[in-house]
Amino acid sequence: MALIVHKYGGTSMGSTERIKNVAKRVAKWHDAGHQIVVVPSAMSGETNRIIGLAKEISAQPDPRELDMIASTGEQVSVGLLAIALQAIGKQAVSYAGWQVAIKTDSAHTKARIASIDETKVKADLDAGKIVIITGFQGVDELGNITTLGRGGSDTSAVAVAAALKAQECLIYTDVDGVYTTDPRVVSDARRLKTVTFEEMLEMASLGSKVLQIRSVEFAGNYRMPTRVLSSLTDPLIPLEEEANSGTLISFEEDTHMEQATITGIAFNRDEAKITVLGVPDRPGIAYQILGPVADANIEVDMIIQNQSVEGKTDFTFTVPRGEYTKAMDVLETSVKAHIGAGSIVGDSKVSKVSVVGVGMRSHVGIASQMFRTLSEEGINIQMISTSEIKISVLIDEKYMELAVRALHKAFGLESA
Ligand code: ADP
Ligand code: ASP
Ligand code: MG
């Protein structure tokens with residue numbers, strides 16, 4: 001008997017038919033003698049729909065109230081799944097985040113989990129119940145409902161698995177694993193049987209939305225075996241077959257020694273680039289530009305400062321596209337005059353494409369192959385950033401899919 005956490009995403013919970021299939025699958029695992037905790041997302045489209053209602057009323061809704069609204073989709077899902085399990089003869093109980101409790105900080109719409117009380121859940125499991133806990137939501141010190149950022153149910157699931165010391169966390173989704181790139185963009189992308197934790201962390205942080213980045217961080221910090229697999233197979237396929245399907249995140253350093261240098265291509269469409277022109281080149285300038293941006297809780301990603309000419313330089317950085325207008329406002333009002341900059345220009349139609357692979361550490365020439373491939377396609381590179389296991393470029397969003405396909409081919413990642 002093992003304690004296993006299942007997470008089901010929006011598509012997997014997308015209709016009452018699909019919810020009944022989830023119930024059958026969960027019941028199969030429970031019948032095999034396992035203790036099961038399920039963490040579902042809202043039904044697909046629901047979170048967008050309810051956030052959309054708030055935005056019809058106000059362009060910048062109060063984040064506390066937005067969380068109150070956004071969290072409701074998951075509450076419907078847990079109740080429906082409990083009813084579906086009960087309808088097939090299983091004992092099941094659902095909980096909202098605050099009932100468990102899943103405590104978070106107070107950063108509404110992007111809260112971080114601080115602690116999870118496992119007492120009630122353990123008691124239910126020991127009493128033979130299947131426990132269903134809302135993904136995506138928690139509660140802060142003051143009792144306010146919080147949410148964990150879009151895609152946050154992945155994080156809820158891995159955090160619950162870690163708190164319960166589960167044997168494995170199974171992330172059921174609408175693809176049958178982690179691929180060399182998004183299979184919706186490259187049809188011959190190849191499924192990976194395993195991916196190292198480090199690579200998955202890079203891929204998630206660079207935009208591969210198959211797992212939310214914080215879920216990968218939790219998996220790494222607690223060494224929680226985590227597997228991504230399909231919820232769209234026949235729910236009654238043999239359990240052994242299902243348990244070994246999909247992609248396992250591995251913690252073995254040497255898993256990839258015999259494998260390709262590049263593991264995958266990640267991309268992020270939601271980027272924006274801002275340039276502060278004619279900045280005096282003196283100590284403290286980066287801080288004076290980026291300090292107010294950070295104070296506005298805006299994350300900065302790529303940064304370049306050019307060589308100065310006659311004491312003046314240009315300073316360029318990227319921010320998430322959703323924060324572009326806010327970042328431009330901060331720079332115009334709190335930075336420009338203060339540092340004596342010339343002007344501020346921006347482009348919110350840029351995308352980031354990255355090649356990722358632990359094999360890069362021991363191979364040279366990856367960057368030049370990447371740049372050659374892009375040049376052969378006539379794609380202009382606007383910014384570059386690198387780490388030990390990834391190279392990212394910022395390009396015009398028009399060419400993003402072309403770049404991903406060309407790089408996928410150039411690095412030989414397609415399925416045989
Ligand atoms: P869920 O609702 O189950 O959480 P998501 O839509 O958040 O599902 O994540 C699954 C989607 O992630 C897939 O449908 C796929 O389009 C996308 N995706 C992006 N990159 C990858 C990748 N490298 N491998 C697999 N899927 C990917
Ligand atoms: N329902 C939330 C969202 O759409 C959380 C999730 O699906 O993981 O972002
Ligand atoms: Mg998701």
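Remember, predicted model here, so these are calculated numbers, not experimental data.

Draft legend 1. Expanded view of the pattern of salt bridges. On inspection of all chains with the given rule, the structure shows 23 salt bridges. Arg25 serves as the salt-bridge partner of Glu242, at 2.7 Å between the closest nitrogen and oxygen. Of this pair, Glu242 sits in helix α10 (residues 239-243) while Arg25 sits in helix α1 (residues 16-31), and the two are 217 residues apart along the sequence. The same class applies to Glu242 as to Arg25, namely buried. In this structure, Arg269 engages Glu401 in a salt bridge whose closest nitrogen and oxygen atoms are separated by 3.4 Å. Placement of Arg269 in strand β13 (residues 264-280) and of Glu401 in helix α14 (residues 400-410) is noted, with a sequence separation of 132 residues between them. With a relative accessible area of 30%, Glu401 lands in the partly exposed category. A single salt-bridge network, built from bridges that share partners, covers Arg25, Lys28 and Glu242.

Draft legend 2. Local environment of the site of ligand 2. Neighbouring ligand 2 are the residues Ser41, Ala42, Thr47, Glu74, Phe136, Arg150, Gly151, Gly152 and Ser153. Within the contact set of ligand 2, a nitrogen atom lies 2.7 Å away from a side-chain nitrogen or oxygen of Glu74. Within the backbone of Gly152, an N or O atom sits 3.4 Å from an oxygen atom of ligand 2. Partitioning the shell around ligand 2 into residue classes produces 2 nonpolar, 5 polar and 2 charged.

Draft legend 3. The arrangement of the site of ligand 1 in detail. Inspection of the region around ligand 1 gives 17 residues, with Thr173, Asp174, Tyr179, Asp182 and Arg184 positioned closest. Here an oxygen atom of ligand 1 and a side-chain polar atom of Lys7 are 3.0 Å apart. The contact in question runs from an oxygen atom of ligand 1 to an N or O atom on the side chain of Asp182, over 2.8 Å. Within the complex, the protein chains bury 85% of what would otherwise be the 570 Å² of accessible surface of ligand 1. Along the lines of polarity and charge, the residues of the shell around ligand 1 split into 6 nonpolar, 6 polar and 5 charged.

Draft legend 4. Region of the structure containing the environment of Val279. With respect to the helices and strands, Val279 occurs in strand β13. In this structure the C-alpha to C-alpha distance between Val279 and Ala403, which are 124 residues apart in sequence, comes to 33 Å. Discounting residues that sit within four places of it in the chain, Val279 has contacts with Ile285, Ile289, Gly311, Lys312, Thr313, Phe315, Ile339 and Ala341.

Draft legend 5. Focus on the packing of helix α3 (residues 63-70) against helix α4 (residues 72-87). Viewed as axis vectors pointing N to C, α3 and α4 meet at an angle of 20°, and their least axial separation amounts to 5 Å. As the angle between them shows, α3 and α4 are arranged roughly parallel. Residues Met68, Ile69 and Ala70 of α3 lie in contact with α4, whose contacting residues are Thr72, Gly73 and Glu74. Its residues placed into classes, the contact of α3 with α4 shows 3 nonpolar, 2 polar and 1 charged.

Draft legend 6. Structural view of the packing of α1 against α4. Put simply, α1 and α4 touch, their axes get as near as 9 Å, and they point 60° apart. As summarised for this structure, α1 and α4 are arranged oblique, according to the angle between their axes. Crossing of α1 over α4 shows right-handed handedness. Only Leu80, Leu81, Ala84 and Leu85 of α4 make contact with α1, whose side of the interface consists of Ile19, Val22, Ala23, Val26 and Ala27.

Draft legend 7. Summary view of the sheet that holds strand β1 (residues 3-8). Ordered by their spatial adjacency, 8 strands build an open sheet running β3-β6-β2-β1-β9-β11-β12-β10, and the pairing between neighbours is mixed. Where the open sheet ends on each side, the last strands, each with one partner, are β3 (92-95) and β10 (194-196). Along the sheet, successive strands turn relative to each other by an average axial angle of 20°, direction set aside. As judged from the 6 bridges shared by β1 and strand β2 (residues 35-40), these two strands associate in the parallel manner. Paired with Tyr8 across the bridge in β2 is Pro40.

Draft legend 8. Structural context of the sheet that holds β13. Strand order across the open sheet formed by 6 strands is β14-β15-β13-β16-β18-β17, with antiparallel pairing between neighbours. Edge positions in the sheet fall to β14 (303-305) and β17 (383-387), since each has one partner strand and no second. The mean angle between the axes of side-by-side strands here comes to 25°, regardless of whether they run parallel or antiparallel. With 11 bridges joining them, β13 and strand β16 (residues 343-356) adopt antiparallel strand pairing. Pairing of Leu277 across the sheet is with Ser343, part of β16. Sheet strands in contact with α14 are β13, β16 and β18 (390-396), and its direction is about 125° off that of β13.

Draft legend 9. Region of interest: the packing of aromatic side chains. Here the structure, examined in full by the defined rule, presents 4 aromatic pairs. Centroid distance Tyr8 to Tyr172: 4.7 Å. Interplanar angle 10°. Geometry classified as stacked. With Tyr8 in strand β1 and Tyr172 in strand β9 (residues 168-173), this pair connects stretches of sequence that are 164 residues apart. Like Tyr172, Tyr8 is buried. Considering the side-chain rings of Phe218 and Tyr222, the 5.9 Å spacing of their centres and the 15° angle between planes classify their relative orientation as stacked.

Draft legend 10. Main features of α14. Residues of α14 that are buried: Met400, Ala403, Val404, Ala406, Leu407 and His408. Tucked into the core, α14 has its buried residues touching β13, β16, α13 (366-376) and β18.

Draft legend 11. Seen up close, the side chain of Thr226. In this structure, Thr226 sits in strand β11 (residues 226-230). Looking at Thr226, its side chain comes within polar contact range of the main-chain oxygen of Met224, at 2.9 Å. Setting aside anything within four residues of it in sequence, one finds Thr226 in contact with Val158, Cys169, Ile171, Ala219, Thr247, Leu248 and Ile249.

Conventions we followed
Residues numbered from 1 in each chain as written. Chains lettered and ligands numbered in written order. Predicted model: local features only at pLDDT ≥ 70, side-chain atom pairs only at ≥ 80, totals over all residues. Heavy atoms only, no water. Salt bridge = Lys/Arg side-chain N within 4 Å of Asp/Glu carboxyl O. Helix = DSSP H or I, 4+ residues; strand = E, 2+ residues; numbered from the N terminus. Buried < 20%, exposed > 50% of the residue type's maximum accessible area, 1.4 Å probe, protein only. Near = heavy atom within 4 Å. Polar contact = N/O pair within 3.5 Å; in protein donor to acceptor, adjacent residues only side chain to side chain. Nonpolar A, V, L, I, M, F, W, Y, C, P; charged D, E, K, R; others polar. Areas by Shrake-Rupley, 256 points an atom, 1.4 Å probe, with all protein chains shown as cover. Contact = heavy atoms within 4.5 Å. Axes fitted to C-alpha atoms, helices over the stretch in contact; angles between N-to-C directions. Parallel < 35°, antiparallel > 145°, perpendicular 65-115°, else oblique. Left-handed = near helix turned anticlockwise from the far one by under 90°. Pairing = 2+ DSSP bridges. Phe/Tyr/Trp six-rings, centres within 6.5 Å; stacked < 30°, edge-to-face > 60°.

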